[in-house]
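# Close look at the chain arrangement
The lines below spell out each chain.
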Amino acid sequence: HNLANPAGFYLRFEAEMVTQKRQHFEISNSLYAALEGQEFTLCYQPKIRLSDGFCDSAEALIRWHHPTYGAISPAVFIPIAEQDGQIQAIGDWVLQHALRQLHSWRAQGLSLAHLAINLSGRQLTDDRLAERIAGCLSSLGLQADTLELEVTETFLMADIDASSRLLSSLHQLGCQLAMDDFGTGYSSLAYLAKLPVNKLKLDRSLLLDLEDSPQCASMIRHMIRMAHELGMQVVAEGIESVNQVLLLREMQCDYIQGYVFSKPLSSLEFGRFLTAQPIRQQWEEYLNV
Ligand code: C2E
Ligand code: MG
Ligand code: MG
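Residues numbered from 1 in each chain as written. Chains lettered and ligands numbered in written order. Predicted model: local features only at pLDDT ≥ 70, side-chain atom pairs only at ≥ 80, totals over all residues. Heavy atoms only, no water.

The local shell around ligand 1 holds 20 residues, among which R63, N118, D180, E240 and Y259 are the closest. A distance of 2.8 Å separates an oxygen atom of ligand 1 from a polar side-chain atom of R63. Contacts to ligand 1 include R204, whose side-chain N or O atom sits 3.3 Å from a nitrogen atom. Relative to its unbound accessible area of 810 Å², ligand 1 is 81% covered by the protein chains. For the shell around ligand 1, the secondary structure elements donating two or more residues are β2 (55–66), α2 (74–84) and β6 (176–182). Tallied by class, residues from the shell around ligand 1 come to eight nonpolar, five polar and seven charged. (Near = heavy atom within 4 Å. Polar contact = N/O pair within 3.5 Å; in protein donor to acceptor, adjacent residues only side chain to side chain. Areas by Shrake-Rupley, 256 points an atom, 1.4 Å probe, with all protein chains shown as cover. Helix = DSSP H or I, 4+ residues; strand = E, 2+ residues; numbered from the N terminus. Nonpolar A, V, L, I, M, F, W, Y, C, P; charged D, E, K, R; others polar.)

Here's what the structure looks like:
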């Protein structure tokens, strides 16, 4: 029908562009108020270690509750914050908030080896990032290896020289580095071997056919083996079914993160989750722990 009625199509297209631009503009404007108005929170999604069913780490994910629009997904506002330069301030807020939370869990006697935060591409062009991270860690008396930094493949590969310099400085600081959304971009395996990455996070989209497709299973098995040979641990993201867990366990995958074990939780809920360590009890039979 687009071809039959090109004028109509372009009108609709234009209307959509206008709506999108307006939405972009409104989100961009509201972001300024969001930090001041304490509209952001962090939630925490457990990562479960397959060898023993323990939760020893988690990923902090930002949430925005807008006073009129309600919840706005980070998948929508993070790219906008990247474009208009507000990601720096938001990124700093995430870093400080996550580390303070980790500090407070530790003070309560809860043990968590690593807490991960997501870094976006624009943050990786900031020369003083390593310095700021170091300052934040030392002001709370936290060791650098408690902080894990998740960086997406696409950003890493966009400017490989600049990002490997920055990653090296973060690595030297002692932070753990994870390559996020692996399998969705165009990374060269040769670069992967050169970057100081500790963990490879296999994207959910790679794992959707795991149960039905022997080709997919074979590919994942080889990716896990390759990662291990490069000295990296593997996290499978977005796992929703028990069968996926069992297959991944058999393939020696190190960690599972997904709704099958837990959705992202509020800080209070995650504190309770750590205390109870419910996965270990529920999964003893499957995980051989
Ligand atoms: P990501 O870092 O790859 O995070 C994983 C996303 O998958 C999260 O979405 C999480 O809620 C979702 N997820 C986890 N388990 C499952 C599952 O079993 N099934 C499905 N369908 N989804 C699952 P979320 O929280 O909406 O975040 C989306 C993206 O926004 C993140 O992808 C990350 O790239 C970005 N993001 C989130 N928080 C931050 C932040 O603090 N800073 C930056 N720079 N980016 C962030
Ligand atoms: Mg992530
Ligand atoms: Mg991801």
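Moving on to the coordination of the magnesium ion (ligand 2). Summarising the metal site, the magnesium ion (ligand 2) is bound by the protein donors E59 (OE), N118 (OD1), E150 (OE) and D180 (OD), whose distances to it range over 2.0 to 2.2 Å. For the magnesium ion (ligand 2), the donor residues sit on a single chain with the sequence spacing E-x58-N-x31-E-x29-D. Separating the magnesium ion (ligand 2) from the magnesium ion (ligand 3) is a gap of 4.3 Å, which D180 spans by donating to each of them. One end of the pair, E59, is in strand β2; the other, E150, is in strand β5 (residues 147–152), and 91 residues separate them in sequence. E150 carries the same exposure label as E59, and that label is buried. (Donors = N, O, S within 2.8 Å, 3.2 Å for Na, K, Ca; no water. Buried < 20%, exposed > 50% of the residue type's maximum accessible area, 1.4 Å probe, protein only.)

What follows covers the coordination of the magnesium ion (ligand 3). Surrounding the magnesium ion (ligand 3) are the protein donor atoms D180 (OD), D181 (OD), E237 (OE) and E237 (OE), at 1.9 to 2.4 Å. The exposure class of D181 is partly exposed, given its relative accessible area of 24%. Assessed through its relative accessible area of 12%, E237 is described here as buried.

Looking now at the packing of helix α10 (residues 242–250) against helix α12 (residues 278–287). Interhelical geometry of α10 versus α12 gives an angle of 60 degrees and a closest axis separation of 12 Å. By the angle class used here, α10 and α12 are oblique. For the crossing formed where α10 meets α12, the hand is right-handed. Residues V242, V245, L246 and R249 of α10 lie in contact with α12, whose contacting residues are W283, Y286 and L287. Counted by class, the contact of α10 with α12 contains six nonpolar, no polar and one charged residues. (Axes fitted to C-alpha atoms, helices over the stretch in contact; angles between N-to-C directions. Parallel < 35°, antiparallel > 145°, perpendicular 65-115°, else oblique. Left-handed = near helix turned anticlockwise from the far one by under 90°. Contact = heavy atoms within 4.5 Å.)

Per the stated rule, a full pass over the model turns up eight aromatic pairs. Taken together, a centroid distance of 5.9 Å and an interplanar angle of 45 degrees make the contact between F40 and W93 tilted. Pair noted here: F40 is in strand β1 (residues 40–49) and W93 is in helix α3 (residues 87–107), with a separation of 53 residues, a long-range link. Cluster of aromatic residues (ring-pair linked, three or more members): F40, W64, F77 and W93. Positioned over the ring face of Y255 is K199, at 4.9 Å from the centre of the ring. Above the ring of Y259, the side-chain terminus of K263 is found at 4.6 Å from the ring centroid. (Phe/Tyr/Trp six-rings, centres within 6.5 Å; stacked < 30°, edge-to-face > 60°. Lys NZ or Arg CZ within 6 Å of the ring centre and 35° of its normal.)

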